[in-house]
Structure formats: C-alpha cells, structure tokens
Amino acid sequence: MSVAITEAPSQDQLDRLRDQGDRPEWVGALPLAELEAKGRAVVKRAGKQVALFVTRAGVRAIANRCPHEGYPLSEGTLAEPSGAGTGDACTLTCNWHNWKFDLETGSVVGGGDAVRVFPVEIRDGMIRIDVADPPPHERIARALAALREGFQRPERDRMARDLARIEAAGGDLKVAVAAAVEWTSEHLEYGTSHAYAAMPDWLALADGTTDPVDRLACVVETVGHINDDTLRQPAWPYPPGTRAWDEDGFVAAVEAEDEHAAVQLVRGGLRRGGFATVGRGLCRAALMHYQDFGHSAIYVEKTREAVERLGEHAPVEALVLALVRSLVTARREDLIPEFKAYRPARDAWTGRGAAKTKPADFCRASVAKCLERAVAASGSIDRLYDALLEAASWQLVRADPLYATRARQTISQNVGRLDFSHAITFANAGRRMAGRYGELWPDVLLQLACFLGRNGGFVDPGYDGQQWRVDDVDGFLVDAAANVMDHGQAEYIVTAHFAKMVCAVREEVAAAPNAAWVPALVAALNRFLNEPFRRILTRRIAHQARETIKGE
Ligand code: FES
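What counts as what
Residues numbered from 1 in each chain as written. Predicted model: local features only at pLDDT ≥ 70, side-chain atom pairs only at ≥ 80, totals over all residues. Heavy atoms only, no water. Helix = DSSP H or I, 4+ residues; strand = E, 2+ residues; numbered from the N terminus. Buried < 20%, exposed > 50% of the residue type's maximum accessible area, 1.4 Å probe, protein only. Contact = heavy atoms within 4.5 Å. Areas by Shrake-Rupley, 256 points an atom, 1.4 Å probe, with all protein chains shown as cover. Axes fitted to C-alpha atoms, helices over the stretch in contact; angles between N-to-C directions. Parallel < 35°, antiparallel > 145°, perpendicular 65-115°, else oblique. Left-handed = near helix turned anticlockwise from the far one by under 90°. Nonpolar A, V, L, I, M, F, W, Y, C, P; charged D, E, K, R; others polar. Domains from an automatic or database assignment. Expected span 1.5 Å × (residues − 1). Pairing = 2+ DSSP bridges.

### Focus on the overall build of the protein chain
If you tally the helices and strands in the protein chain, you get 24 helices and 11 strands. Seen along its three principal axes, the alpha-carbon backbone of the protein chain occupies a region of about 95 × 55 × 55 Å. In the protein chain, which comprises 552 residues, the proportion classed as buried is 55%. For the protein chain, contacts bridging at least 24 residues in sequence account for 71% of all contacts bridging at least 6. As presented, the protein chain carries roughly 23800 Å² of accessible surface, and 50% of it is formed by carbon and sulfur atoms.

Encoded structure:
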C-alpha cells in the first residue's frame, strides 16, 4: 500500500493493518522538498536500503536491492504512464537485466521475483515510511506462492531466493519440500522418480550441516530436481476412492498392474494407520520381482525415509501414490532371458544352504552362477550379504570405462557407473527393509546377486583400483558429505546419485564399521564421486538408432 503525496494513511487503514497482524513502524525518511529537488534518493532505515521516487502519483518507496541480483534499483529507469493522474502506477526498469516492476505494488511486469514496496506518508513536510516487516506467516506464504509460480520455469537461482526468503522469515524449509511434492505428485507419469527418492538424502545432508549456505544448497537440489522432473508435464490424476486395506490384495493388484485397485487399497491403509500400516506391503510389492534394476526397492525405502524426515509436514498420500504408480509400472527384468534364472533360484532358496561364500565368487560370474552360489549359501545371511556387498564394491572400483564412453556398441553394452552404483544403493535399501521384515532377505540377496551377475561382464580386472584407495575412512566420509553440494554438475540426476551414494555408503559403514568390505566400499564411493564421466553420448545414440531401425 502506498499513499498519495498529500495524504497520510487514514485511521481506518492503520487499524486494518493492525488487524492483519502488522505493526506499522513509521520512520522519517527524507524531507519532501529534498526528494522533490533530487527526484529520487536512497535512505537506510532499520537496516533496509529503501529507494524513494517522486512520481506523478506521489512518493513511492521500494527496496533498493533488485530481487534478481541485488543491483541498485535507484539506478533504474522510471516510466510514467502517459496522461496519468494521481493514483496511476508507473514502471521501474532495472537496467542490469531489464526486469520491470510496477512501482505501486512491487509486482513484476517482466522478469522473475517481485520487489518489496513500503507504505509512505507525508507528515509536516517529512516523508515517512513504514519499515515494519509483515508477520512471518505472511512472508512465508508469499514466498511459497512465489516458489510455486517459479515452478513454471527451471530457474535454480530463483528457487534458491524464494527458499532463502522462507528461511529468513523463520519458516521450516521442509514445508517447501513437502509443498513441492504436493504440487507435482500427479505430474509423474510413471510415479516416483529419483527426484523424490533422493529427497531424504538431501534432507539428511541438510540436517547434518551447521552451515546455512550448505543447508539451503541441499534443499535447492531437491526442490530443483522435483521441478526438473515435472516441468511442463500434464497431470495424470490418481484414481479416486478408498478400499479397506488388504496387504495380499494390494500386492496382487500391483502384480496385475492394476493402478486403480492398488491406489484405493493403499489409501485405505494410510487412513487406517499411516505409512506403518502399508510399509510391509510396499516392500513385498517392490521385491516380488527383480524389477526396475532395483529402483522399486530403493524408492520404497526412500519414501519411508522421506515420510520420517518430513515429519509433521510429510505429504504422505502424495508420496505413497506416486510410489504405488512406480511399482505398478515397473519393468520386471526377471522376465527377460538375461535374468530367467532368478525365479527358479528364488524357489530353490531353503535358508539352509551351507556353502561358505567369498566375494570373489560373485565378482565375475554369470547371473546364473551368482544366483546358484547365493542359494548354496542361504544358511548364512550375514556372510552372504558381506560377500555380495564387497563384490559390488570391487566391481564399481574396476568398472570398465570403455562401456560408459564408447559410441559404437550394442544397447545391451550401455553399462556405466550408475549401473554399478545401483547395486550398492539397492544393497543399502534392501538391508534396511529386510532388517524390519526378515522374510524379505531371500529376495534382497538374490536380487543383489542379479546385479553382480549382470555387471561382472563389464569390469576390467586389470584396472588399477588402488588409485581410489582411501586411508582415512572417517575423514573421507565427512568430506564427501560436506562437498557433495559443490559438485559442479549440470544434471540433477547426477547429483541425486552423488547424494544417494554418499548416504548409502555412510550408513553401511556406520552399521558395520569393522566389516571386511569397508575399504572396498569407500574406494568405490571415491571413484564414483571423483572420476569425471560423460553423460550425453549423441554419437552413441545415433549409432544405436541406426542399428535399431535396420530391417524395419
Ligand atoms: S539485477 Fe536487476 S534485473 Fe538483474
């Protein structure tokens, strides 16, 4: 609100401001005559830089720092509306990047964020401005609305500013993360993506730092990734309705790819007892097959963690419905020839296999051999898990970069570092799931064996893995967590995997600090984070496109 040059705010206006929770805090700014002589001026009051302008409609006061990059708006170009009378708005252009603001309201006419305007009154020839901050809930609501509006464009810096405004007003950034999920859940055609799945890892990293810049960086990563995965996507609404929770019925609905029934059932479960009620059913559905190269299990575990980390703010239904959609639409890789040994191995699992396994049994063996050896060792779950995790670490340390970079190869040879890292993040998710529901261990271990059998063909045993050795494990993990938000990567999907791997390795080491696999696992993380890698291989895409269409 601003007041014409000759008017002071009425008592009614002041009362209304008070009713809204505002406490007007009028301070003297400048003698009116002085501003009229200069046309514009900057004053500093209550720690704020305020730019004052004389316009035909009266004196106007706005924050002097441009909300874009902070350059002084007092240097801007003022455009009065032609033929304007008292009360007409005029526009101020910030000449650094041509953003334009309505001086009356502060709203942006062209650009991004709005600028703050200050109420003005003239008393006894003195310009007075109200520098009281709006109440926190109003500032938070305004910044959240701006963040929502900013979701129309992929502007990381704008999101960061709106998130910083929420925090500066005393708001909890988890509210913004939860809101981002609410806004986007229906816009994920195939349900949960890495944007949601990496969120609890970014929140864990944020919770683990005392540096406010790093804390904000973590939240920018997760909110930005959610925006990136859903930008300009239409809505695919979830089926309406609720059915009484029935765990077996839910697992069967997922198996039948029946989103309608699965969504209604899970809603019934959530209403009955929240995530705890549906947790085991989600785990079972995720592990029914070797599916989505382990993503289903990772997503279930990360959704559970997201619900926990967001606490009272958690948009539980929005998260879980997206998860259910991802389970329903998951690829069942155990149905393709490469993994056809999975189902017989699962059926052959007795839990009494007495073989003593070692990591080398799984490093370079086929899928069938890995499964056979896992079944033979089914009587010792801990030992088998240790062997599989160490083998997965060994493979990542020796992943052959040829397959990640070569253009002229078959699609089935497209095996890069993320294929190897998923064995480790799957192991982490699987261990935690089976820790709660022990009956899931066979599925977790055999599916981990599938990863190893598949990836074993894409390692270079002669590769010098020693270069990734880490001497100070604890120090390395602290540094990895501290540096992960300063990655220099353009793609959210890459940084999401950095965060996921850092958190997964940290958790595994914390759970078993003296395990034999710790050096290999930490070396794997070292290579994963620190070896540059290529992501977009257009020549490969072109080569494989030509091969694929041959003979059509
Ligand atoms: S700093 Fe004002 S438009 Fe960029």
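### Let's talk about the packing of helix H11 (residues 275-287) against helix H12 (residues 295-310)
Interaxial distance between H11 and H12 falls to 8 Å at its minimum, and their mutual angle equals 165°. Relative to H12, the element H11 is oriented roughly antiparallel. Between H11 and H12 lies a crossing whose hand is left-handed. Between H11 and H12, the contacting residues are Phe275, Leu282, Cys283, Ala286 and Leu287 on the first element and Ser296, Ala297, Val300, Thr303, Arg304 and Val307 on the second. When the residues that make up the contact of H11 with H12 are grouped by side-chain class, the tally is 8 nonpolar, 2 polar and 1 charged.

### Observations concerning the domain arrangement of the protein chain
For the protein chain, the domain assignment lists domain 1 (11-130), domain 2 (136-230), domain 3 (247-328) and domain 4 (340-541). If you average the C-alpha positions of domain 1 and of domain 4, the two centres end up 58 Å apart.

### As for unusual backbone geometry
Generally, phi is negative for residues other than glycine and the peptide bonds are trans, each holding for most cases. Non-glycine residue Asn98 carries a positive phi angle of around 70°. Residue position: Asn98 is located in the loop between strand S6 (91-94) and strand S7 (99-102). Since its relative accessible area comes to 45%, Asn98 is described here as partly exposed. Positioned with a positive phi, Asp124 is a non-glycine residue whose angle comes to about 50°. For Asp124, the location among the structural elements is in the loop between strand S10 (120-123) and strand S11 (126-130). For Asp124, a relative accessible area of 83% translates into the label exposed.

### Things to note about helix H20 (residues 441-455)
An ideal rise of 1.5 Å per residue puts 21 Å on 15 residues; H20 measures up with 21 Å between its terminal C-alpha atoms. With 15 of 15 residues buried, H20 is to be regarded as a mostly interior element.

### Concerning the side chain of Asn526
With respect to the helices, strands and loops of the structure, Asn526 is situated in helix H23 (residues 518-530). Contacts of Asn526, omitting those with residues within four sequence positions, involve Trp468, Arg469, Val470, Phe476 and Glu531.

### A few points about the sheet that holds S10
Working definition: the strands of a sheet are paired by backbone hydrogen bonds and lie parallel or antiparallel to each other. Strand order in the open sheet formed by 3 strands is S1-S11-S10, with antiparallel pairing between adjacent strands. Across the chains shown, the open sheet's two edge strands, defined by having one partner strand only, are strand S1 (26-31) and S10. Sheet twist, expressed as the mean angle between neighbouring strand axes with direction ignored, is 35°. Relative to S11, S1 runs antiparallel, the two sharing 5 bridges. The residue bridging Leu30 from the neighbouring strand is Ile127, located in S11.

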